[in-house]
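The primary structure of each chain is shown beneath.
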Amino acid sequence: MNYEEALNYIHAVQWAGHKPGLTRTRTLLAALGNPHKQLKFIHVAGTNGKGSTAAMLASCLQAAGYRVGLYTSPFINRFNERIQVNGQQIPDEALVRLVERVKPAADAMTDIPTEFEIITALGMLWFAETKCDIVVLEVGLGGTLDSTNVIDPPECAVITALGMDHVKELGPTLADIASAKAGIIKPGSPVVSYGGVPEADAVIARAAAERHAPLTVVDLSRLTIEDGDLDAVTFDFDGLNGIRLPLIGSYQPRNAATAITALRVLRSRGWNIPDSAIRAGLEQVRWPGRFELLRHSPVFLLDGSHNAHGMRATVQSLRDRFPGQKFVFLLSIMADKDVDEMLALLLPLAGQFVTVAAHTPRAMSAETLAEQIRARGGRAEPASTIEAGVARAVALGGTGPVCALGTLYFSGDVREAFAKLNQ
């Protein structure tokens, strides 16, 4: 099996027709010797900020001298990004070797595992093989029935900002969504919650109390944002002053406050994480595709906000960093998202839209999206490819700012097209 064949095998099994549940993952991992039983975890769930918070946690733990696994989704440029150890992606040859190990075990199952379940098994094998001290594990969807939830009680469960997303799978209210996320809370295992949504907070508090899991809600009253520019945002939180965070979204200090709170909970459990490591980890963190500046002048931004909750945070960041300016937006949105609200948020900042379809069956067509924008009084033109869309957005932008957003699924293609354009 070569690398392409390994990826084709991973991507071959889709969710369609599979019942949600943990049985397949447990069966598969048992056939592989239960590698997850050798590992310690921080388990991260939430609607938005999961990936950024996970990246910050991993960076700080690595700065503290630990060997740290990081499991995230989706990827931006290459599949291997999803499984990292100390910032290094799983090597191609290791991925192929582990797929060759997983495939016979998966093929022998009567209920074939899904793509995400196979990737979870691959991650657990690699983290065990590389003898990670701790793994930062981001859930794929929800919490309760997510395949990552097969782990034993983690060192800490972290629930980031909650909002309305994946309502078809998780339920139509914030309480339903919180209930699914709260599924990662395990008996006796501490929980850190971003908080701020009373309806959801009540559900999380109840789940933590029922499972005798000590709950810490992030105290955002202790957060002061000092300054922000196109290179870093500087903030103080709970005795850590003047931290320069290179993730420049206005919302990122709040994710950092969540990470710091979780790291201090870990410290209380005996992990050696000095404040100097927290500072170094946050100041060195890299997380592509989240309010990321690909060019300073004229500005070209890439942002992965893919639901109304995330879009609200992105729009606030655009207003903070570029007061009074209008944008050319390069936009792709999944058809199952709250398109109405996302467009309502963007239209006041938009000079012009260029619409494209990300390479996934879930993406709304460029033409349909352009029509929806025009129906709301916006100026929009569809592009036939992402490459053509990037070129057109840059041309329309001139010396003004351009922002590509609406889904993480087109981030890698946008980055590649933009790099080619500037060769």
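Residues numbered from 1 in each chain as written. Predicted model: local features only at pLDDT ≥ 70, side-chain atom pairs only at ≥ 80, totals over all residues. Heavy atoms only, no water.

Here we come to the pairing of strand β11 (residues 240-245). Pairing geometry for strand β10 (residues 233-237) and β11, over four bridges, is antiparallel. The partner of T234 across the bridge, within β11, is R244. Here β10 folds back onto β11, and the loop between the two strands holds two residues, one of which, D238, carries a positive phi near 50°. (Pairing = 2+ DSSP bridges. Helix = DSSP H or I, 4+ residues; strand = E, 2+ residues; numbered from the N terminus.)

Okay, the sheet that holds strand β12 (residues 292-295) next. Note: strands within a sheet are paired through backbone hydrogen bonds, in either parallel or antiparallel orientation. The mixed open sheet is built from six strands, whose spatial order is β12-β13-β17-β14-β15-β16. Sheet topology places β12 and β16 (380-382) at the edges, where each strand pairs with a single neighbour. Between one strand axis and the next, the sheet turns through 20° on average, direction left out of account. The pairing of strand β15 (residues 350-355) with β16 spans three bridges and is classified as parallel. Each bridged residue has a counterpart across the sheet, and for F353 the counterpart in β16 is A380. Contacting β12, β13 (300-302), β14 (327-331), β15, β16 and β17 (402-405), helix α14 (residues 386-397) crosses the sheet at an angle of about 175° to β14. Here helix α15 (residues 411-421) sits on the sheet in contact with β12, β13, β14 and β17, set at roughly 155° to β13. (Axes fitted to C-alpha atoms, helices over the stretch in contact; angles between N-to-C directions. Contact = heavy atoms within 4.5 Å.)

To find leftover empty space, one rolls a probe the size of a water molecule over the atoms. Evaluation of the coordinates by the stated rule reveals two cavities of 30 Å³ or more. Its boundaries defined by the atoms lining it, the largest cavity holds a volume of some 50 Å³. What lines the largest cavity is T72, S73, P74, F75, I76, E81, Q84, W287, P288 and R290. A class-by-class count of the residues in the lining of the largest cavity yields five nonpolar, three polar and two charged. Estimates place the volume of the second largest cavity at around 30 Å³. Every residue along the wall of the second largest cavity is listed here: I159, T160, L162, S193, Y194, G195, V197, D201 and I204. (1 Å grid on protein atoms, 1.4 Å probe; cavity = no way out; pocket = protein on both sides within 12 Å on 5 of 7 lines; lining within 4 Å. Points joined across faces, edges and corners; volume = space filled by probe spheres on them. Nonpolar A, V, L, I, M, F, W, Y, C, P; charged D, E, K, R; others polar.)

With that settled, the discussion passes to the pattern of salt bridges. One pass over the full model with this rule turns up 18 salt bridges. Between D275 and R264 there is a salt bridge, and its shortest N-O distance comes to 3.3 Å. You can see D275 sitting in helix α10 (residues 275-284) and its partner R264 sitting in helix α9 (residues 252-268), a full 11 residues away along the chain. On the basis of relative accessible area, D275 is assigned to the partly exposed category, the value being 29%. Take R264: its relative accessible area is 19%, and that puts it in the buried class. (Salt bridge = Lys/Arg side-chain N within 4 Å of Asp/Glu carboxyl O. Buried < 20%, exposed > 50% of the residue type's maximum accessible area, 1.4 Å probe, protein only.)

Attention shifts here to α15. Those residues of α15 that sit buried are S411, G412, V414, R415, A417 and F418. On the buried face of α15, the contacting elements are β12, β13, β14, α14 and β17.

This next bit is on the pairing of strand β2 (residues 68-71). Residues V68 and L70 line one face of β2 and the alternating positions G69 and Y71 line the opposite face, and both faces are buried. In this sheet, strand β5 (residues 134-138) lies alongside β2 in parallel orientation, the contact comprising four bridges. Each residue of the ladder has a partner; that of G69, found in β5, is V135. Where β2 lies against strand β3 (residues 83-85), three bridges are found, and the strand directions are antiparallel. The residue bridging Y71 from the neighbouring strand is I83, located in β3.

Scanning the model with the defined rule gives zero disulfides in all. C60 takes part in no disulfide bond, and the closest cysteine sulfur to it belongs to C156, at a distance of 13 Å. Overall, the relative accessible area of 0% leaves C156 in the buried class. (Disulfide = S-S within 2.5 Å.)

Moving on: the layout of surface pockets. There is about 330 Å³ of room inside the second largest pocket. Residue assignment for the lining of the second largest pocket shows that the elements contributing at least two residues are α3 (50-63) and β2. Sort the elements by how many residues they give to the lining of the second largest pocket and α3 lands first, with five residues. Classifying every residue of the lining of the second largest pocket by side-chain character gives eight nonpolar, seven polar and two charged.

Further remarks concern the sheet that holds β10. The strand order β9-β10-β11 describes an open sheet built from three strands, whose pairing is antiparallel. With one partner strand each, in any of the chains shown, β9 (223-228) and β11 form the two edges of the open sheet. Ignoring strand direction, the axes of neighbouring strands in this sheet form an average angle of 20°.

A pair of packed helices is captured by two measures, namely the crossing angle of their axes and the spacing between those axes. In contact at an axis separation of 10 Å, helix α2 (residues 23-31) and helix α5 (residues 115-129) are set at 35° when each is read in the N-to-C sense. Taken as a pair, α2 and α5 cross one another with a handedness that is right-handed. Contacts from R24, T25, L28 and L29 of α2 reach α5 at E117, I118, A121 and M124. Tallied by class, the residues present in the contact of α2 with α5 amount to five nonpolar, one polar and two charged. (Left-handed = near helix turned anticlockwise from the far one by under 90°.)

What follows covers the environment of Q252. With respect to the helices, strands and loops of the structure, Q252 is situated in helix α9. Sequence-distant contacts of Q252, defined by excluding residues within four places in its chain, comprise S52, M56, L245, L247 and R290. Here the side chain of Q252 touches N255 through a polar contact of 2.9 Å, side chain to side chain. (Polar contact = N/O pair within 3.5 Å; in protein donor to acceptor, adjacent residues only side chain to side chain.)

Quick look at the side chain of S59 now. Among the structural elements, S59 can be located in helix α3. On the accessibility criterion, S59 (14% relative accessible area) is buried. The residues touching S59, leaving out its near neighbours within four places in the chain, are G281, Q284 and V285.

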